[in-house]
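As a plain string of letters, each chain reads:
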Amino acid sequence: IASLHVFAGEDPCYREFYERYTRSDIIKLILAETIKCLKDYSDYCALGHLDYGLSFAQNAAVLEYAEAPSLLDELLLHLIRSSKGLEVNTSGYRRSGNTLPSPSVLKRYFDLGGEIITLGSDAHRAEHVGYRFSDAAAMLKSIGFKYTAYFKDMKPYFVPMT
C-alpha cells in the first residue's frame, strides 16, 4: 500500500499543520504530493490513506470530489492507467461517518474506469479489524463496483461482493 503521512515536511497529526494552511491549500498540497510520489514510485499495489492529510483536521471532514476535480482526476487516472488499486478505508466511519475516500471520489474512480478496490480498516485495535466492511461493500455496490481485490505477489485477485 502506498500511503503518504508527511506533506511539506510535516505530519498532519499535529495541530500546527492546520494552523499554517487553509483546507483548500491542504487539499492541493496532499493531492499534488501524492500524484508526484505515485509517478516517481511504482512498487505498490494500491493507494491508501488518500485523505490522511485531512484526518486530524478539527472537523475531520472527508475530501469530496467537487473540492478538487482536476487534481483528483489526474490522480485517479494515474492509478487506473498504472493498474493500481484504491483502498477504501473504513476508519472514516469512526471519525466522519464516511469511508475514506468519500463516496463521491469513489464514484468518480468508477466512472473513469477504475476497478481495483481494496478494503482496509486502519485498525489500531483488535475490535476495529474489518470495521464496517459490509457497509462499505454495500456503498461500493450501489456505485456499481462488483468486486474487491486482494494482492498476492503484487497481482490483484478479485472477489465478488455478495
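Placed above this text is the structure.
What counts and what doesn't
- Along each chain, residue indices are assigned from 1 in the same order as the chain's sequence is written.
- Local features in this predicted model are restricted to residues of pLDDT 70 or higher, and side-chain atom pairs are both shown and tallied only at a pLDDT of 80 or more, whereas totals for entire chains, interfaces and linings draw on every residue.
- Side-chain numbers here rest on the full set of heavy atoms in the structure, without hydrogens or water.
- As defined here, a cavity is a set of points on a 1 Å grid over the protein atoms alone where a 1.4 Å probe fits but cannot get out. A pocket is an open set with protein on both sides within 12 Å along at least five of seven lines, and residues line them when an atom is within 4 Å of a point.
- Grid points are joined across faces, edges and corners, and a volume is the space filled by probe spheres set on the points.
- Gly is put with the polar residues, along with every residue not named as nonpolar or charged; the nonpolar set is Ala, Val, Leu, Ile, Met, Phe, Trp, Tyr, Cys and Pro, and the charged set is Asp, Glu, Lys and Arg.
- Think of it this way: any DSSP run of H or I at least four residues long counts as a helix, any run of E at least two long counts as a strand, and we number them from the N terminus.
- Polar contact criterion, stated in full: a pair of N or O atoms within 3.5 Å, where within protein one must be able to donate a hydrogen and the other to accept it, and residues adjacent in sequence count only if both atoms are side-chain atoms.
- Note on contacts: a residue pair is in contact if any heavy atoms of the two residues lie within 4.5 Å.
- Accessibility here uses a 1.4 Å probe with only protein chains present; expressed as a share of the type maximum, an area under 20% marks a residue as buried, one over 50% as exposed, and anything in between as partly exposed.
- Directions pointing from the helix axis toward each C-beta atom define the arc.
- By definition, a salt bridge exists where a carboxyl oxygen of Asp or Glu is found within 4 Å of a side-chain nitrogen of Lys or Arg.

(A) Summary view of empty space enclosed by the protein. In the structure shown here, the tally under the stated rule is 2 cavities of 30 Å³ or more. Estimates place the volume of the second largest cavity at around 30 Å³. Contributing to the lining of the second largest cavity are Leu 4, Phe 7, Thr 34, Leu 47, Gly 48, His 49 and Leu 50. For the lining of the second largest cavity, the residue count by class is 4 nonpolar, 3 polar and no charged.

(B) Highlighting the side chain of Asn 89. By the element assignment, Asn 89 lies in strand S2 (residues 85–89). Polar side-chain contacts of Asn 89 include one of 3.4 Å to the side chain of Glu 87. Sequence-distant contacts of Asn 89, that is, excluding residues within four places in its chain, are made with His 49, Thr 99, Leu 100, Gly 120, Ser 121 and Asp 122.

(C) A look at helix H6 (residues 133–143). Among all positions of H6, only Ala 136, Ala 137, Met 139, Leu 140 and Ile 143 are buried. Projected down its long axis, H6 carries its buried residues within an arc of 160°, all on one side. Away from its buried face by more than 90 degrees, H6 exposes Ser 134 and Ser 142. On its buried side, H6 packs onto S2, helix H4 (91–95), helix H5 (103–111) and strand S3 (117–120). One or two positions beyond H6, positive phi appears at Gly 144, with a value near 130°.

(D) Representation of the layout of surface pockets. The computed volume of the largest pocket comes to approximately 180 Å³. A breakdown of the residues in the lining of the largest pocket according to their chemical character gives 3 nonpolar, 5 polar and 3 charged.

(E) Just the pattern of salt bridges, in detail. According to the stated counting rule, one finds 6 salt bridges in the structure shown. Among the ionic pairs, Arg 108 bridges to Asp 73, the shortest N-O distance being 2.8 Å. In this pair, Arg 108 sits in helix H5 while Asp 73 sits in helix H3 (residues 69–81), placing the two residues 35 residues apart along the sequence. Looking at Asp 73, the relative accessible area reads 15%, which means it is buried.

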